[in-house]
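Residue-level listing of the chains:
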Amino acid sequence: MMRMIALMTLTLALAACGKPISGKITLTGDRSIPIITEEGTTAELGAGSATVQIKSAFSPKLEIRTSRQVVSVKVPKKILANKKDFYLPAEKIKQPVDLEALTRYELISRHEEVGSQTCFTGGMCYDPCRTYSNAPGCYYNPGYPYQPGYPGHPYPPHPGYQPYPGYPGGYGWHSNCPGVVTIKSVYETQREIFSIGFREPSDKALLGYFEGERGIRTELVDSIPLSACQLL
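Residues numbered from 1 in each chain as written. Predicted model: local features only at pLDDT ≥ 70, side-chain atom pairs only at ≥ 80, totals over all residues. Heavy atoms only, no water.

Draft legend 1. A look at the nonpolar core. Membership of the largest hydrophobic core comes to 25 residues, with the highest contact counts inside it found for Leu99, Ile196 and Phe198. The residues contacting isoleucine 196, other than those within four sequence positions of it, are Val52, Leu62, Leu99, Glu100, Ala101, Gly208, Tyr209 and Phe210. (Core = buried A, V, L, I, M, F, W, Y, C linked by side-chain atoms within 4.5 Å. Buried < 20%, exposed > 50% of the residue type's maximum accessible area, 1.4 Å probe, protein only. Contact = heavy atoms within 4.5 Å.)

Draft legend 2. Highlighting the packing of aromatic side chains. If you walk through the whole model with that rule in mind, you get zero aromatic pairs. The ring of phenylalanine 194 is capped by arginine 214, whose NZ or CZ atom sits 4.6 Å from the centre of that ring. In this structure, arginine 217 packs its charged tip against the face of tyrosine 105, placed 3.7 Å from the ring centre. (Phe/Tyr/Trp six-rings, centres within 6.5 Å; stacked < 30°, edge-to-face > 60°. Lys NZ or Arg CZ within 6 Å of the ring centre and 35° of its normal.)

Draft legend 3. The arrangement of the side chain of glutamine 53 in detail. As for its placement among the helices and strands, glutamine 53 is situated in strand β4 (residues 48-55). Apart from residues lying up to four places away in sequence, glutamine 53 is in contact with Gly18, Lys19, Pro20, Lys61, Leu62 and Glu63. (Helix = DSSP H or I, 4+ residues; strand = E, 2+ residues; numbered from the N terminus.)

Draft legend 4. Broad picture of a nonpolar patch on the surface. Side chains of Met124, Tyr126, Tyr171 and Trp173 sit close together on the surface and give an oily, nonpolar patch of about 550 Å² of accessible area. Of all the elements in the fold, those that place two or more residues in the nonpolar patch are β8 (98-127) and β12 (170-199). What makes methionine 124 partly exposed here is its relative accessible area of 45%. (Patch = residues over 30% accessible without salt bridge, like charges linked within 9 Å, V, L, I, M, F, W, Y side chains within 5 Å. Areas by Shrake-Rupley, 256 points an atom, 1.4 Å probe, with all protein chains shown as cover. Salt bridge = Lys/Arg side-chain N within 4 Å of Asp/Glu carboxyl O.)

Draft legend 5. Inspection of the environment of asparagine 176 at higher detail. Inspection of the secondary structure assignment puts asparagine 176 in strand β12. Along the primary structure asparagine 176 and glycine 123 are separated by 53 residues, whereas in three dimensions their C-alpha atoms are 7.8 Å apart.

Draft legend 6. Geometry of the state of the cysteines. This structure, assessed with the given rule, holds two disulfides. Each sulfur in the disulfide pair cysteine 119 and cysteine 229 lies 1.9 Å from the other. Handedness of the cysteine 119-cysteine 229 disulfide follows from its S-S torsion of about 95°: it is right-handed. One end of the pair, cysteine 119, is in strand β8; the other, cysteine 229, is in the loop between β13 (206-225) and β14 (230-231), and 110 residues separate them in sequence. We classify cysteine 119 as buried; its relative accessible area is 13%. (Disulfide = S-S within 2.5 Å.)

Draft legend 7. Structural view of the environment of leucine 220. Assignment of secondary structure puts leucine 220 in strand β13. Its relative accessible area of 45% is what places leucine 220 among the partly exposed residues. Distance in space between the C-alpha atoms of leucine 220 and histidine 111 is 9.8 Å, their sequence separation being 109 residues. The residues contacting leucine 220, other than those within four sequence positions of it, are Ser185, Val186 and Tyr187.

Here it is in structure tokens:
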């Protein structure tokens, strides 16, 4: 049991740790960026290559690693649920600067794919909802699939079932025959850029910022029908 608890604890901790993001720190002026370390000393972040990472599920911290030093800033647990955007005032994190994290996306490429998709349309087809001489009409229970009447049962098969008018069943003209439609799908490949701004608490002036690439994603942005729904 203790081993299972230890494994679960390790799994949760690993799940909460974000991957390191490589990038660089840029200063907007001549001043470096002051950061108070976990040991209570003040470090100065300058311009240059850096990586950032949100670490630890139990005592979350933002780790900033440069070629000269590693600085960790304690952050609230709630940002573990949303590592993309957050604003942390200096007084809340006991730092001399505010931290502002933002995520944006840069378009890399766009491509289209043509394929088919199922649809429904009016036409001649078979429908399992049948009409019987001694149980005319189709029946349905609101919220459930259509149910046919059946021989020897002149009423709906359940007290909650009701006649469904205009739905004769069997082979014939129906409004919801299965079909296929030609679709053009538009996809975009985007680069996800993560940045952290370091701002003066008093006037929110930007002292500098870190910016790095979090990853690349491809997503569907539009679907355009190229034909009407055709019966199968």
